[in-house]
Amino acid sequence: MTLPGTATLPAVPLNDLSRALAHDRSLVLDTVARVVDSGWLVHGPAHRGFESALADYLGTPHVLGVASGTDALEIALRAVVPADRPVVVTAANCGGYTTTAARRAGFGVRYADVDEDTHLLTAETLAPVLGPEVGAVVVTHLYGRAADVAAVRALCAPLGVKVVEDCAQALGARRADGMVGALADVATFSFYPTKNLGALGDGGAVATADDDVAAAVAELRQYGWRGKYRIARDGGRNSRLDEVQAAVLSARLPHLDAGNARRRAIITAYAERASSRVRVLPADDASHAGHLAVVTTDHRDELREHLAAAGVGVDVHYPVPDHRQPALAAEHAHVTLPVTERLAASVLSVPVFPELRDDEVERVCDALERF
Ligand SMILES: Cc1ncc(COP(=O)(O)O)c(C=O)c1O
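First, a word on scope: everything that follows refers to the structure included in this document. (Residues numbered from 1 in each chain as written. Predicted model: local features only at pLDDT ≥ 70, side-chain atom pairs only at ≥ 80, totals over all residues. Heavy atoms only, no water.)

**Remarks on a nonpolar patch on the surface**
Together, Leu17, Leu21 and Leu200 give the surface a local cluster of nonpolar side chains, amounting to about 220 Å² of exposed area. When you line up the elements, Leu200 lands in the loop between strand S8 (186–190) and strand S9 (204–208). Classification of Leu200 by relative accessible area gives partly exposed; the value is 38%. (Patch = residues over 30% accessible without salt bridge, like charges linked within 9 Å, V, L, I, M, F, W, Y side chains within 5 Å. Areas by Shrake-Rupley, 256 points an atom, 1.4 Å probe, with all protein chains shown as cover. Salt bridge = Lys/Arg side-chain N within 4 Å of Asp/Glu carboxyl O. Helix = DSSP H or I, 4+ residues; strand = E, 2+ residues; numbered from the N terminus. Buried < 20%, exposed > 50% of the residue type's maximum accessible area, 1.4 Å probe, protein only.)

**Considering the packing of aromatic side chains**
Counted by the stated rule, this structure contains four aromatic pairs. Consider the rings of Phe50 and Phe191, whose centres lie 5.4 Å apart with planes at 85°: the pair is edge-to-face. Pair noted here: Phe50 is in helix H3 (residues 45–58) and Phe191 is in the loop between S8 and S9, with a separation of 141 residues, a long-range link. Comparing Phe50 with Phe191 shows no difference in burial state: the two are buried. (Phe/Tyr/Trp six-rings, centres within 6.5 Å; stacked < 30°, edge-to-face > 60°.)

**Comments concerning the side chain of Thr340**
Secondary-structure assignment places Thr340 in helix H12 (residues 338–344). Look past the residues within four positions of Thr340 in its chain and what remains in contact with it is Ala92, Asn93, Asp113, Val114, Pro321 and His323. (Contact = heavy atoms within 4.5 Å.)

**Side note on the sheet that holds strand S1 (residues 62–66)**
Read from one edge to the other, the open sheet built from seven strands follows the order S1-S9-S8-S5-S4-S2-S3, with strand pairing classed as mixed. Looking at which strands have only one partner, the edges of the open sheet turn out to be S1 and strand S3 (108–112). Strand after strand, the sheet turns through a mean of 25° between neighbouring axes, direction not considered. Where strand S5 (residues 162–166) lies against S8, three bridges are found, and the strand directions are parallel. Bridge pairing in S8 places Asp166 opposite Thr188. Each of S1, S8 and S9 touches H3; the most contacted strand, S1, lies at about 135° to it. Helix H5 (residues 97–104) contacts strand S2 (87–91), S3, strand S4 (134–140) and S5 of the sheet and is inclined by roughly 155° relative to S3. (Pairing = 2+ DSSP bridges. Axes fitted to C-alpha atoms, helices over the stretch in contact; angles between N-to-C directions.)

**So, the pattern of salt bridges**
Enumeration according to the criterion identifies 26 salt bridges in this entry. Taking the shortest distance from any N to any O, the salt bridge between Glu369 and Arg273 comes out at 3.1 Å. With a gap of 96 residues between them, Glu369 in helix H13 (residues 358–370) and Arg273 in helix H10 (residues 256–273) connect regions that are remote in the sequence. Residue classification places Glu369 among the partly exposed residues on the basis of a relative accessible area of 40%. Among the ionic pairs, Glu341 bridges to Arg324, the shortest N-O distance being 3.4 Å. A residue pair is termed long-range when its members are at least 10 positions apart, and Glu341 in helix H12 and Arg324 in the loop between helix H11 (300–309) and H12 qualify at 17 residues. One salt-bridge network, held together by shared partners, links Asp16, Arg19, Arg357, Asp359 and Glu360.

**Structural notes on the sheet that holds strand S12 (residues 347–350)**
Spatially, the three strands line up as an open sheet ordered S10-S11-S12, and their pairing is antiparallel. Both edges of this open sheet fall to strand S10 (279–280) and S12, since each of them pairs with a single strand only. Where strand S11 (residues 293–296) meets S12, four bridges bridge the pair, whose relative direction is antiparallel. Following the sheet pairing, Thr296 is matched in S12 by Val347. On top of the sheet, H11 reaches S11 and S12; it is set at about 15° to S12, its chief contact.

Right under this line is the structure:
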């Protein structure tokens, strides 16, 4: 069905990076030119500058650039998980990135269910699956919403379990008890182009207040070297954030908060207008970075068709929980996560990015209202 008056309008995109690039084109090109002129391509002044700018922004002592968010997770886990506790616990509704990283590092993965309201891990959902073989818990601030990491740490610390924050979707979110990325033993970030702070390609970072963890990450991201050509730590690899990406990220960082505020305003507009058959996950204060606008509904196929007819781009984050992924399902056949499985069948993402125009926001609101 086509809604009256919408048939000829261009679609409202789920995301459109060309708009951000058009908006800061000269900033990006000037930045790239400065890197070219500097003669440094990796681990030079732009990289150091970005590490220190992000550390200041987070209020944490150490930030280390790496090549992607998945690398950041793998390296952070290698840095904190002890060999005699080789199991990582995480949620199964976060796109599989932690699963991929933990398995690459040779760790087993165990899943905890999530809270029905927030879609996040909590101390209550984690408690039943912890044990002496668990070395770390990875808490993902999913869709941009800050999880209660302090409560998770209060559970984990007495058990000797390290806590990792995956901040790939939540850079810039702030809770009353601190900044996302400065709440746990170690935190990881992705600068994949669609992230709230996006590079021109892949990029990632690890942040920590712990000097030993920072030293381990510095070695692991560069072949395990302690000093040039001396492999002091096993499990190292090459994972570098290059100078062009670091310089672009530094140039964009000052605009992050404004972009996040615009994202929250868009999501709040959706929440105010959506019909009672749709629940818009709220993003109404600074504890949410507004990365994704996610709704839940018992009528997802119908909603998807309705939005398509209204020219609204949608996607599902994420359709298949990790424990049901084809390559992993046999290993986890005994695992049931009722809330995670229910949510996977009911979530739908609608457009949100800072350059979305007001008339497009209105079209999405209108379509959600008419459902
Ligand atoms: C929650 C989360 N963690 C980790 C990653 C992995 O980051 P990357 O794509 O940079 O490897 C992503 C997204 O891509 C993500 O959304």
